[in-house]
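Each chain, written out:
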Amino acid sequence: MHLTPIGEGNVLLEPGEGLDASDPDAYLVEMIDRLQQLSARRLIYDLKSIPLIDTLYYEWLLSVNSMCQIAGIEMVVVNIRPPVAYNLALMIKETPPFGCALDVDGAREGNYTSRADFSS
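An account of the accompanying structure is given in this report. All values reported here derive from a predicted model rather than from experimental measurement. (Residues numbered from 1 in each chain as written. Predicted model: local features only at pLDDT ≥ 70, side-chain atom pairs only at ≥ 80, totals over all residues. Heavy atoms only, no water.)

**Thoughts on the side chain of Arg-42**
The following threshold applies: Only DSSP runs of H or I with at least four residues qualify as helices, and only runs of E with at least two residues qualify as strands; both kinds are numbered from the N terminus onward. The rule is simple: take the accessible area with a 1.4 Å probe, protein chains only, and divide by the maximum for that residue type; under 20% is buried, over 50% is exposed, in between is partly exposed. Any pair of N or O atoms that falls within 3.5 Å is considered a polar contact. Within protein, one atom must be able to donate a hydrogen and the other to accept it, and sequence-neighbouring residues count only if both atoms are side-chain atoms. Here, residues are in contact when the closest pair of their heavy atoms is within 4.5 Å.
Topologically, Arg-42 is positioned in strand 3 (residues 42-46). For Arg-42, a relative accessible area of 16% gives the class buried. Here Asn-10 takes part through its side chain, which lies 3.0 Å from a polar atom of the side chain of Arg-42. A polar contact is formed between the side chain of Arg-42 and the side chain of Glu-74, at a distance of 3.3 Å. Leave out the neighbours within four places in its chain, and Arg-42 touches Gly-9, Asn-10, Val-11, Ile-73, Glu-74, Val-76, Ala-107, Arg-108 and Tyr-112.

What follows is the structure in structure tokens.
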């Protein structure tokens, strides 16, 4: 996992190929510690290299979001490819609890949907 501060409390997360979503305990504590050291207010999770979001990976995203919420950090996913988004939409029944933006710039500028946007 690569955590890169990109200004104004935003931190970009680019997961590597070696990420094992089945073992969140191996990553979450270290990740949230690093985010707090960086004084993160928003985690921008870049999904451009993720070819498929299955149930296991979605559970991982939910775990990351939960840890962020506990730490007072907003999570926004970006760069989800259309076929991946379509598969995810077929798989889940609820609105994701994290924000979704087209790209990193949109997330940084606050141009994204969040759970609150879906409920109105």
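**Looking at the pattern of salt bridges**
For the record, the criterion: When a carboxyl oxygen of Asp or Glu lies within 4 Å of a side-chain nitrogen of Lys or Arg, that pair is called a salt bridge.
This model, assessed by the stated rule, comprises three salt bridges. A salt bridge links Lys-48 to Asp-46; its shortest N-O distance comes to 3.3 Å. Assessed through its relative accessible area of 3%, Asp-46 is described here as buried. Residues participating in the shared-partner salt-bridge network are Glu-14, Asp-46 and Lys-48.

**Observations regarding the pairing of strand 4 (residues 74-78)**
Under the convention used in this document: One bridge is not enough; two strands pair if DSSP finds at least two bridges between them. Think of it like this: strands point away, you trace from the first strand over the helix to the second, and a clockwise trace means the crossover is right-handed.
Buried residues dominate strand 4, accounting for four of its five residues. Bridging between strand 3 and strand 4 involves five bridges; their strand directions are parallel. Residue pairing for strand 4: Arg-42 is matched across the bridge by Glu-74. The parallel pair strand 3 and strand 4 is bridged by helix 2 (residues 55-70), and the resulting crossover is right-handed. Two strands pair when backbone bridges link them, and strand 4 and strand 5 (residues 99-101) are joined in this way by three bridges, in the parallel orientation. Following the sheet pairing, Val-76 is matched in strand 5 by Gly-99. Taking the sense of rotation as the criterion, the β-α-β connection linking strand 4, helix 3 (residues 82-91) and strand 5 turns out right-handed.

**Considering the pairing of strand 3**
Of all five residues in strand 3, five are buried; the element is thus mostly enclosed. The two faces of strand 3 match: Arg-42, Ile-44 and Asp-46 on one face and Leu-43 and Tyr-45 on the other face are all buried. Running through helix 1 (residues 28-37), the crossover from strand 2 (residues 10-14) to the neighbouring parallel element strand 3 is right-handed.

**Some thoughts on the sheet that holds strand 5**
Quick note on the threshold: Axis lines are fitted to C-alpha atoms, over the contacting stretch for helices. Their N-to-C directions set the angle, which ranges from 0 to 180 degrees.
Across the sheet, five strands lie side by side as 1-2-3-4-5; this open sheet has mixed pairing. Each end of this open sheet is capped by a strand with a single partner; those strands are strand 1 (2-7) and strand 5. Strand-to-strand twist across the sheet, computed as the mean angle between neighbouring axes with direction ignored, equals 30°. With four bridges connecting them, strand 2 and strand 3 associate as parallel partners. Looking at strand 3, one finds that Leu-13 is bridged to Tyr-45. Seen against the sheet, helix 1 touches strand 1, strand 2 and strand 3 and runs at an angle of roughly 20° to strand 1.

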